Amino acid sequence: MADPLEGKSVGIVLAPRGSEEVEFTEPKSAVEDAGGSVDVLGIETGEVETVEGDLDPAGSYEVEKSFDEVTVEDYDGLVIPGGTVGADTLRADDTTVEFVNDFFETEKPLAVICHGPWTLVEAGVVDGRELTSYHSLETDIRNAGGNWVDEEVVVDEGLVTSRNPDDLEAFCDKVVEEIEEGEHEDRETDDV
């Protein structure tokens, strides 16, 4: 099938500033190239600034919808880029954390890269999960009950994680594959 994500809608999250640009643009392009539609989500709508390597300014992008304007039912998949500052901002925002927790509970594919798993830790959804991240998050993930592994891409019942921008090709391939596959009804969730 030429467009495996035709008819699928995916949300990609951007922080008000500090999300890693390539971890946003490459998954967005992969979803769109596979025929899916993408909404750029964030804490509030408007222009946001991304970074390259956490320090260097990169591009400016429009957050099209805030978490208050959408529901988890609106999307077939959710992608959260990294970026130290961006991920730290997202994990400190109650609305973002609640949205991520609620999305995880839907059993639909959730893809997170680099520092992005901080939002998973804050949302209380890593306990018993195998995942990866930027290496400095290993202790945070283990302390939250997750099984951290040093691999290019890890998939645990629709939860897709990768370590850094070097893993983007494998990450994007898995994002498309998992969203095409759909819900993971076998994914056990713990009510917090």
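Whatever comes next refers back to the structure up there.
All chains use their own residue numbering, which begins from 1 and follows the written sequence. Only residues with pLDDT of 70 or above have their local features reported here, since the model is predicted, and side-chain atom pairs are shown and tallied only from 80 upward, although totals for entire chains, interfaces and linings are computed over all residues. Water and hydrogen atoms play no part in the side-chain values, which are based on all heavy atoms of the structure.

Participant: Help me understand the overall build of the chain, please; the structure alone is not making it clear to me.
Facilitator: What counts as a helix is a DSSP run of H or I of at least four residues, what counts as a strand is a run of E of at least two, and both are numbered from the N terminus. Counting secondary structure elements, the chain contains six helices and twelve strands. For the radius of gyration, the atom set is restricted to C-alpha positions; the globular benchmark scales as 2.2 Å times the number of residues to the power 0.38. Its C-alpha atoms give the chain a radius of gyration of 15 Å, near enough to 16 Å, the size a compact globule of 192 residues would have. Accessibility here uses a 1.4 Å probe with only protein chains present; expressed as a share of the type maximum, an area under 20% marks a residue as buried, one over 50% as exposed, and anything in between as partly exposed. Sorting the 192 residues of the chain into buried and exposed places 53% on the buried side. A contact between two residues is defined here by any heavy atoms of the two lying within 4.5 Å. Within the chain, residue pairs in contact and separated by at least 24 positions form 66% of the contacts whose partners lie at least 6 positions apart. Every accessible area reported is derived by Shrake-Rupley at a probe size of 1.4 Å, with residue values counting cover from the shown protein chains alone. Carbon and sulfur atoms make up 39% of the accessible area of the chain, which amounts to about 8500 Å² in all. The charged-residue count follows a simple rule in which Lys and Arg add positive charge and Asp and Glu add negative charge, with His and chain termini not counted at all. All charge positions are set by atom: Lys at NZ, Arg at CZ, Asp at CG, Glu at CD. Between the mean site of the 11 positive side-chain charges and the mean site of the 53 negative ones, the chain shows a separation of 2 Å.

Participant: Got a minute to help me understand the side chain of D167 in this structure?
Facilitator: Looking at the secondary structure, you find D167 in the loop between β12 (159-162) and α6 (168-181). Since its relative accessible area comes to 3%, D167 is described here as buried. Under the rule applied, a polar contact is a pair of N or O atoms within 3.5 Å (in protein, one hydrogen donor and one hydrogen acceptor; residues adjacent in sequence only if both atoms are side-chain atoms). Within the structure, the side chain of D167 is placed 2.9 Å from the side chain of R163, a separation counted as a polar contact. In this structure D167 touches E151, E152 and S162, once residues within four positions along its chain are discounted.

Participant: How should I be thinking about the pattern of salt bridges in this particular structure?
Facilitator: Side chains carrying opposite charge are able to pair once their charged atoms draw close together. In what follows, salt bridge is the name for a side-chain nitrogen of Lys or Arg lying within 4 Å of a carboxyl oxygen of Asp or Glu. Inspection of the entire model under this criterion finds eight salt bridges. The salt bridge involving E138 is made with R142; its shortest N-O contact spans 3.0 Å. Within this pair, E138 and its partner R142 are both found in helix α5 (residues 138-143), separated by four residues, close to a single helical turn. For R142, a relative accessible area of 40% corresponds to the partly exposed category. In this structure, the salt-bridge partner of E177 is K174, at a minimum N-O distance of 3.3 Å. Taken together, the residues span about one helical turn, with E177 and K174 both in helix α6 at a distance of three residues. Three or more residues joined by partner-sharing salt bridges are found here, namely D150, R163 and D167.

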